[in-house]
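Chain residues, written in single-letter form:
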Amino acid sequence: MKNLFMKVSLFLVAIVLVISSIGLSPTSAAVPFKDILSTDKEIIYLYDRGMIKGTSATTFSPDASVTREQAAVMIGRAFNFNSTPRKTSFTDVKSSSYSSGYIQEAVNRGIITGYGDGTFKPLQTMTRGEMAFLLSRAFNLTKTGNVFFTDIKVDTASTSLYTAVNKIATFGISNGTGTGTYAPNEDLNRRQFAAFLARGLNPNYRVVFQNASIDTLYVTVDSLNVRTGPSTGYTAVGKLNTGAKFTVYGYNGVWAYGTSGTISGYVHSSYLSKAVVSAEKRYIAIDAGHGGTDPGAVANGLREKDVNLDVAKRVEAYLKTKGISVYMTRSTDKTIALDQRVPLAVKSGANAFVSIHANSATPAASGSETFYSAALDENAIHSKQLATFIQNRLYKAMSHNNRGVKEAPYLVLRTNPMPAALVELGFLTNSSDAYKLSTVYYKDRAASAIASGIDDYYKWKANN
Ligand SMILES: [Zn+2]
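Predicted model only: the values in this text are computed from it and were never measured.

For the rest of this paragraph, the subject is the overall build of the protein chain. Along the backbone of the protein chain there are 13 helices and 15 strands. By the compact-globule yardstick of 23 Å for 464 residues, the protein chain is too spread out, its C-alpha radius of gyration being 33 Å. Over its C-alpha atoms, taken along the principal directions, the protein chain stretches across nearly 100 × 45 × 35 Å. Of all 464 residues assigned to the protein chain, the portion counted as buried reaches 53%. Within the protein chain, counting contacts between residues at least 6 apart in sequence, those at least 24 apart form 72% of the total.

Rendered as structure tokens:
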């Protein structure tokens, strides 16, 4: 007991400061310990005001960890708590303990809480995460900001670790480790404790929180909204165009927070790519519908997956002769889940998407039609143009009934971050359409028309 008291009393001061003296500006006092630096201004500040002592007459032991009891006592002294030892809420903090008054007062003020089993674990070292909770309550911090650490998941619950760390970072108490992490489970050492406490007490020591860059990505669409928060409900503060560089600081779900030039805010991460997509680049994803275990429509001796793939490969060949780069979601008869097709295309770096299908209905229905989706504002005009350019050539090449350009919420369209169209070549259930789609002549004409429609689109895009 005596030993513990000695140890603690060496570290902590007995002087209780009046709060009014706390706002003094930093002084340039001499460095009081041989193991700290002149840059340890926060330690010197607390020492000068009698709020902190060394571990000996000449040492501070800045790298030694801080126990939970020591932290509570130090906070209590800084805030001028009633230190009278008393009965506490915890089974492991006796009323005779020198720290019992500070600990109980901190409990009463809602600054500290113990463990679920009724203990406080006074001799356990304090972690950086625990310190965030303690300081956010001690200084009554309420304001949060756009704070991201790669080792703490964003969680807006008021009692979460993230929220506590966000509050102390926003207030200027901590910038994390400097490498984009906060290290919440690491022990807090005496140097860090002093820095955090001094910054909380005196604005002159506060740091301006800076997120660390965790990724550099590129915008894949034009007129992408940058918003003040992570949903479309937040105000747009600017717009970015294709190819703009976006420095990412963190993610809140699917929303990326970062900066591009002078604009800071949130953008939907599906419009960001690792690859630079220049506005001029002509790179399209061609998606042959169905495949593998999914045959699609089957009628008149034809399987949709075979027709789609045959035409898609012909489209690819025609596009290449026009200097348009092509990503094929499949080039063989393989199974690809419907919800994987758009992610694959996004990953490829393509900047437009065309899915190729054939229709089925009653035998009388015939002709070609092309779909797009206006679900994503950013692409609605481009998607409709792409669908229109293709449809206008396709039905003529097929000598088909023109069923037109239509809006439909197909998954590969409505979830697509790039301009996208879905082509229905004709009806396998109609004998005339099916006959055409069984011939190389018409499949090749359809492919040539689709490729020319895509070329039309890119030429239009270059001027729009
Ligand atoms: Zn289909």
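Read on, since the account is not over.
This next bit is on the coordination of the zinc ion. Protein coordination at the zinc ion: the donors are His290 (NE2), Glu304 (OE) and His357 (ND1), at 2.1 to 2.2 Å from the metal. Of note, the zinc ion draws all its donor residues from one chain, in the sequence arrangement H-x13-E-x52-H. Of this pair, His290 sits in the loop between β8 (283–288) and β9 (298–299) while Glu304 sits in helix α8 (residues 304–321); the two residues are 14 residues apart in sequence, bridging distant segments of the chain.

This next bit is on the domain arrangement of the protein chain. What the domain assignment lists for the protein chain is domain 1 (2–205), domain 2 (215–273) and domain 3 (283–462). If you average the C-alpha positions of domain 2 and of domain 3, the two centres end up 30 Å apart. Tallying the contact residues gives eight residues for domain 2 and six residues for domain 3. Across the domain 2 to domain 3 interface the summed buried area is about 640 Å²; carbon plus sulfur atoms make up 50%. On inspection of domain 2 and its partner domain 3, the count reaches zero salt bridges. The tally of links between domain 2 and domain 3 comes to zero residue pairs in polar contact (both at pLDDT 80 or more). Residues of the side of domain 2 that touches domain 3, tallied by class, amount to three nonpolar, four polar and one charged.

The feature "domain: SLH" (unreviewed entry), as given by UniProt, occupies residues 24–85, 86–149 and 150–211 in the numbering adopted here. Structurally, residues 86–149 comprises 31% helix and 0% strand, and the distance from its first C-alpha atom to its last is 39 Å. With 37% helix and 0% strand, residues 150–211 has its two end C-alpha atoms placed 10 Å apart.

For helix α9 (residues 338–348), the set of buried residues is Arg341, Val342, Ala345 and Ser348. With its buried residues spanning 125° around the axis, α9 presents them on a single face. Those residues of α9 hidden inside the fold are in contact with β8, β11 (325–328), β12 (352–359) and α11 (411–414).

This next bit is on the environment of Thr119. Structurally, Thr119 is set in the loop between α4 (100–108) and α5 (128–138). A relative accessible area of 12% places Thr119 in the buried class. The spatial distance from the C-alpha of Thr119 to the C-alpha of Phe90 is 4.9 Å, given a sequence separation of 29 residues. When near neighbours in sequence (up to four residues on either side) are disregarded, Thr119 contacts Phe90, Thr91, Asp92 and Gly114. Within the structure, the side chain of Thr119 is placed 2.6 Å from the side chain of Asp117, a separation counted as a polar contact. Within the local environment of Thr119, its side chain forms a polar contact with the side chain of Lys121, the two groups lying 3.4 Å apart.

Under the definition given, this model contains 17 aromatic pairs. Ring geometry for Phe33 against Phe60: centres 5.5 Å apart, planes inclined by 35°, an arrangement best described as tilted. A residue pair is termed long-range when its members are at least 10 positions apart, and Phe33 in the loop between α1 (2–11) and α2 (41–48) and Phe60 in the loop between α2 and α3 (68–78) qualify at 27 residues. The residues Phe33 and Phe60 share a single accessibility class, namely buried. Grouping aromatic residues by their ring pairs yields a cluster made of Phe79, Phe81, Phe139 and Phe171. Here Arg68 stacks its cationic end above the ring of Phe120, 4.5 Å away from the centre of that ring. It is Arg190 that lies over the ring of Phe60; its NZ or CZ is 4.3 Å from the centre.

Moving on to α2. Turning to α2, its buried residues number three or more, namely Glu42, Ile43, Ile44, Tyr45 and Leu46. Buried positions along α2 lie against α7 (190–201). Positive backbone phi, at 70°, marks Gly50, one or two positions downstream of α2.

Let us now look at the nonpolar core. Within the largest apolar cluster, 60 residues are counted, with the highest numbers of intra-cluster contacts made by Leu46, Leu135, Phe193 and Leu197. Residue assignment for this core shows that the elements contributing at least two residues are α2, α3, α4, α5, α6 (161–171), α7 and β5 (255–260). Sequence-distant contacts of Leu46, that is, excluding residues within four places in its chain, are made with Met51, Ile52, Ala194, Leu197, Ala198 and Leu201. Counting residues in each nonpolar core, the second largest holds 40 residues, with Ile286, Ala358, Leu437 and Ala446 among its members.

Packing of α8 against helix α13 (residues 440–462) leaves a shortest axis separation of 8 Å and a crossing angle of 50°. The angle between α8 and α13 falls in the class oblique. Classified by chirality, the crossing of α13 by α8 is right-handed. Contact with α8, carried on its side by Asp310, Val311, Arg314, Val315, Tyr318 and Leu319, involves Val440, Lys443, Asp444, Ala447, Ser448, Ile450, Ala451 and Ile454 of α13 and no other residues of that element. Among the residues forming the contact of α8 with α13, the class breakdown is nine nonpolar, one polar and four charged.

Conventions adopted
Residues numbered from 1 in each chain as written. Predicted model: local features only at pLDDT ≥ 70, side-chain atom pairs only at ≥ 80, totals over all residues. Heavy atoms only, no water. Helix = DSSP H or I, 4+ residues; strand = E, 2+ residues; numbered from the N terminus. Rg over C-alpha atoms; globule rule 2.2 N^0.38 Å. Buried < 20%, exposed > 50% of the residue type's maximum accessible area, 1.4 Å probe, protein only. Contact = heavy atoms within 4.5 Å. Donors = N, O, S within 2.8 Å, 3.2 Å for Na, K, Ca; no water. Domains from an automatic or database assignment. Buried area = accessible area lost by both parts, 1.4 Å probe. Salt bridge = Lys/Arg side-chain N within 4 Å of Asp/Glu carboxyl O. Polar contact = N/O pair within 3.5 Å; in protein donor to acceptor, adjacent residues only side chain to side chain. Nonpolar A, V, L, I, M, F, W, Y, C, P; charged D, E, K, R; others polar. UniProt positions renumbered as here; feature names shortened; annotations may be inferred. Arc of directions from axis to C-beta. Phe/Tyr/Trp six-rings, centres within 6.5 Å; stacked < 30°, edge-to-face > 60°. Lys NZ or Arg CZ within 6 Å of the ring centre and 35° of its normal. Core = buried A, V, L, I, M, F, W, Y, C linked by side-chain atoms within 4.5 Å. Axes fitted to C-alpha atoms, helices over the stretch in contact; angles between N-to-C directions. Parallel < 35°, antiparallel > 145°, perpendicular 65-115°, else oblique. Left-handed = near helix turned anticlockwise from the far one by under 90°.

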